[in-house]
Amino acid sequence: MTTEGRSIVSTTSQAPDTAADHAVELSISGMTCASCVARVERKLGRLPGVNATVNLATATAHVTREDPAVEVTQLIAAVEAIGYGAQLPRPAESTALEEAEVDAEQAHVAGLRRRLTGSALLGLPVVAVSMIPALHFAGWGWIALALATPVVAWGAWPFHRASALNLRHGSATMDTLVSLGVLAAYLWSLGTLIAGGEHLYLEVAVVLTAFLLAGRFFEARAKRRAGDAIRALMDLGAKDVAVLRDGAEVRIPVDELTVEDLFVVRPGEKIATDGEVVEGASAVDESLLTGESVPVDVEPGSAVTGATVNSHGRLVVRATRVGADTKLAQIAALVERAQTGKAAVQRLADRISAVFVPVVIALAAGTFGAWTLTGAPAATALAAAIAVVIIACPCALGLATPTALMVGTGRGAQLGLLIRGPEVLESTRRIDTVVLDKTGTVTEGRMRLVGVIPADGEDEQEVLRLAGGLEDASEHPIAAAIANAAREQLGSLPAVAGFANSQGRGVTGQVEGRTVRAGRSAWLTEQGQDLPEDLDRARREAEAEGRTVVFAGWDGQVRGALIVADTVKATSAHAVADLKRLGLTPVLLTGDNTAAARAVATEVGIDQVIAEVHPEDKVAEVQRLQAQGRVVAMVGDGVNDAAALAQADLGLAMGTGTDAAIAASDLTLVRGDLRAAADAIRLARRTLRTIKANLFWAFAYNVAALPLAALGLLNPMIAGGAMAFSSVFVVSNSLRLRRFRPLH
């Protein structure tokens, strides 16, 4: 993992090319649809020994070269030769370039929003005056033309520009047909007005432009989130660090830290980078990276990880890995690689366009030529040709995905289910295995007191009251769980005097005149308090289930055991049952010990368990399942799950989890209720079925009407009406998704 992680990160920051660099990432600009992706992949694949995977969502190409003699400059030149831009990604350390890149993305989305808003505002009066005869005042056509002109020239400019660019390089995409349809309707109307005619099709031009701009806008906004996973991961790290220089603390930016530097970490601070503790003792909260709720006790010689949090106590740490070599950076690299390697789903409309667009253009030209050869007037031939273009114009095809997606995702948002984009929907149909993270997903993700076992002759409430009062003075999360439970059950807690902490072993204090100790059994034994057989048996049983046991004693005897654990969510068993009913096989995946994992799996009804897995190995486990032929969904909530979420065929993040996990996922469950996972998959599958039905009917209308238009049986007005009817059908079908209901 380390080697792969380093190579991925260094690719973005090294010199343009080295002999040993057989894999390279390129940023690609100018792609608008899946046919663009195919063209770039084909062009790069023609170079000797080169294989390329292009991702439309992240606008990147992962290129592998069998022959390192193929230089990066050749790859870039090949992409530019077909009209697209290519460059090496920005260096990972370049904050200014990253901000510029984000600003450019925001400017692009804002530009589409302005075009959409302007086109809609100008287009509404055009549609109204064109479709309602009562509004046909003298000179209305010229007013409509004046309003439609900015829509056609400025609003539809992205389609005209892409069409011209593709035409220059000898190809045609859906943009070509959109541009042709808009211009044909507009120019026909202009010619009709000049000739003094009445049949205008300006509403066709403005409606087509506005609807397709809406689809392009929502698509661009979704793409902008593609890099959020990486940014969220890197934002977890500390921004500055207190380094020891000649015995004094000097605060410097964390990227100036070097290996072997000594730095100070105070209570509550993030550890700046991976290192080794050289002074001090504390408990470190690693939940952001490991997902496990139990903090890890550290002392001189212990290894610590950057971005984890020091709970209490001052630590002096020697830096052992910095920058791209840290565990956090390597997880970020895994996420980036998984996102780039995830094949972009080829949208059906774009696949159709590869054949459909050239055929329509040829058919329109052929229609004009055939009518001319039969001796028909030029106006008749032109009307038939334009009717062909208009009826073929993919208004409904363009609406099929965005309208269903908008309604489906809108309904999902109402239910707390956030769907990232259309490619997610395709994934849900094929899923057969769902991998569930344990901590924070199936379980609550925080420690709770689950049992108090008094020794023979002792009172349970007395044990809880004295132990709770003592632990209330400690900052340790396990102590907090005991104190909170005692306060909830008993009300106020007794005061503590002379509190002392034996780091990582136990605590001592005076409670109501008694010297009370709480901690590990071995430590209490050292203090002269032997463990009774019944409590030792309870300890073994609890630890076999992966639970943590704290013993409390006073007056020379151990008086009771307090059992602390991360409890299973009340809804998790129902959620697993729902997933099984959808035909999915649940698998529990966790970094926790096998005993704890199996106990949780048994409680919720999961048969397959993969335990004691490091964060970087979660990706490997998902890949292993995929290698077995399974199509895998992953549900998680921690940074340690981010790379696995990106690698999985479908990633679902708990909305109560970290930003990095949410950004790397395809679906977000806002409520943090695992039952929502089944609802999200159901909604995504239903939305996909709606999109496919929309595409089928939209395409069927076009194909059925094309021969009629070519034969002159449809004038452009009827063609426009037929196209509008197909659009109405698509929108109405999509609106049915508003009736989706969750299982619970």
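This one's a predicted model, so the numbers in the text were calculated from it and none came from an experiment.

About the thresholds
- Residues numbered from 1 in each chain as written.
- Predicted model: local features only at pLDDT ≥ 70, side-chain atom pairs only at ≥ 80, totals over all residues.
- Heavy atoms only, no water.
- Pairing = 2+ DSSP bridges.
- Helix = DSSP H or I, 4+ residues; strand = E, 2+ residues; numbered from the N terminus.
- Axes fitted to C-alpha atoms, helices over the stretch in contact; angles between N-to-C directions.
- Contact = heavy atoms within 4.5 Å.
- pLDDT = per-residue confidence, 0-100.
- Buried < 20%, exposed > 50% of the residue type's maximum accessible area, 1.4 Å probe, protein only.
- Polar contact = N/O pair within 3.5 Å; in protein donor to acceptor, adjacent residues only side chain to side chain.
- Expected span 1.5 Å × (residues − 1).
- Parallel < 35°, antiparallel > 145°, perpendicular 65-115°, else oblique.
- Nonpolar A, V, L, I, M, F, W, Y, C, P; charged D, E, K, R; others polar.
- Phe/Tyr/Trp six-rings, centres within 6.5 Å; stacked < 30°, edge-to-face > 60°.
- Salt bridge = Lys/Arg side-chain N within 4 Å of Asp/Glu carboxyl O.
- Core = buried A, V, L, I, M, F, W, Y, C linked by side-chain atoms within 4.5 Å.

Here 7 strands make up an open sheet; going across it, the order is S14-S26-S25-S24-S15-S22-S23 and the pairing mixed. The sheet is open, and its two borders are formed by strand S14 (417-419) and strand S23 (608-610), each paired with just one other strand. Taking the axes of each pair of neighbouring strands and ignoring which way they run, one obtains an average angle of 20° across the sheet. Relative to strand S26 (residues 667-669), strand S25 (residues 650-654) runs parallel, the two being bridged by 3 bridges. Directly across from Leu 652, in S26, lies its bridge partner Leu 667. Along the sheet face, helix H26 (residues 675-710) touches S14, S25 and S26 and points at about 45° away from the line of S14.

Moving on to the confidence of the model for the chain. Looking at the chain, pLDDT values average 81 and 83% of them are 70 or higher. Ranking the elements of the chain by mean pLDDT puts helix H1 (residues 2-11) last with 30 and helix H5 (residues 140-155) first with 95. Low pLDDT (under 50) marks residues 1-21, which in the prediction has 37 contacts with non-local residues, meaning those over four places away or in another chain. Confidence drops under a pLDDT of 50 for residues 341-347, and excluding neighbours within four residues, the segment shows 16 contacts in the predicted structure.

In this section: the side chain of Ser 282. Residue placement: Ser 282 occurs in strand S9 (residues 282-285). Note on Ser 282: relative accessible area 0%, which makes it buried. Within polar-contact distance, the side chain of Ser 282 engages the side chain of Asn 310 at 2.5 Å.

With that settled, consider helix H17 (residues 460-471). The end-to-end C-alpha distance of H17 is 16 Å, a good match for the 16 Å that 12 residues give at a rise of 1.5 Å each. Regarding H17, the residues found buried are Val 463, Leu 464, Leu 466, Ala 467, Gly 468, Gly 469, Leu 470 and Glu 471. The backbone nitrogen of Gln 461 has a side-chain oxygen 3.3 Å away, supplied by the residue at the start of H17, namely Asp 459.

Further remarks concern the packing of helix H13 (residues 378-392) against H26. Where H13 contacts H26, the axes come no closer than 8 Å and their chain directions differ by 175°. Relative to H26, the element H13 is oriented roughly antiparallel. Between H13, through Ala 384, Ala 387, Val 388, Ile 391 and Ala 392, and H26, the contact on the second element is made entirely by Asn 702, Ala 705, Leu 706, Ala 709 and Ala 710. Of the residues that constitute the contact of H13 with H26, the class distribution is 9 nonpolar, 1 polar and no charged.

Attention shifts here to unusual backbone geometry. Located in the positive-phi region is Ala 307, a residue other than glycine, with phi close to 80°. The topology assignment puts Ala 307 in the loop between strand S11 (303-304) and strand S12 (309-310). Phi is positive for Glu 612, which is not a glycine, with a value near 55°. Counting through the fold element by element, Glu 612 comes out in the loop between S23 and helix H23 (615-627).

The next subject is the packing of aromatic side chains. All told, the structure shown has 3 aromatic pairs when counted by the stated rule. With a centroid separation of 5.8 Å and 65° between ring planes, the pair formed by Trp 697 and Phe 729 is classed as edge-to-face. Highlighted residues: Trp 697 in helix H26 and Phe 729 in helix H27 (residues 716-735), separated in sequence by 32 residues. A relative accessible area of 41% means that Trp 697 is categorised as partly exposed. According to the relative accessible area criterion, Phe 729 is partly exposed, its value standing at 29%. Through a chain of ring-to-ring contacts, three or more aromatic side chains come together here, namely Phe 696, Trp 697 and Phe 729.

This part takes up the pattern of salt bridges. Within the structure shown, the criterion is met by 25 salt bridges. The salt bridge partner of Arg 520 is Asp 297, with a shortest N-O separation of 3.4 Å. Taken together, the positions of Arg 520 in the loop between strand S19 (514-519) and helix H19 (521-526) and Asp 297 in strand S10 (residues 296-298) put the pair 223 residues apart, joining distant regions of the chain. Because the salt bridges share partners, they merge into one network encompassing Glu 533, Asp 536, Arg 539, Arg 540 and Glu 543.

Within the secondary structure, Thr 308 sits in the loop between S11 and S12. Under the relative-accessibility criterion, Thr 308 is labelled buried at 1%. Here the side chain of Thr 308 touches Thr 305 through a polar contact of 2.5 Å, landing on its backbone oxygen.

Time to look at the pairing of strand S7 (residues 262-265). In summary, the side chains of a regular strand alternate between the two faces of the sheet. In terms of strand pairing, strand S5 (residues 240-245) meets S7 through 2 bridges, oriented antiparallel. Following the sheet pairing, Val 243 is matched in S7 by Phe 263. The pairing of S7 with strand S13 (residues 315-321) spans 4 bridges and is classified as antiparallel. Bridge pairing in S13 links Leu 262 to Arg 318.

Time to look at the nonpolar core. General note: in soluble globular proteins, nonpolar side chains tend to be found buried as a group. The biggest cluster of nonpolar side chains holds 49 residues, and the ones touching the most others in it are Val 182, Leu 202 and Leu 706. Elements with a contribution of two residues or more to this core: helix H4 (95-131), H5, helix H7 (174-195), helix H8 (202-224), helix H12 (348-373), H13 and H26. Considering every element that reaches this core, the biggest residue donor is H8, with 9 residues. Once residues within four sequence positions are removed from consideration, Leu 202 is found in contact with Val 126, Gly 141, Ala 144, Leu 145, Ala 148, Tyr 186 and Ser 189. Core analysis: the next-biggest nonpolar cluster, separate from the first, contains 47 residues, Ile 431, Leu 436, Val 442 and Ala 678 among them.

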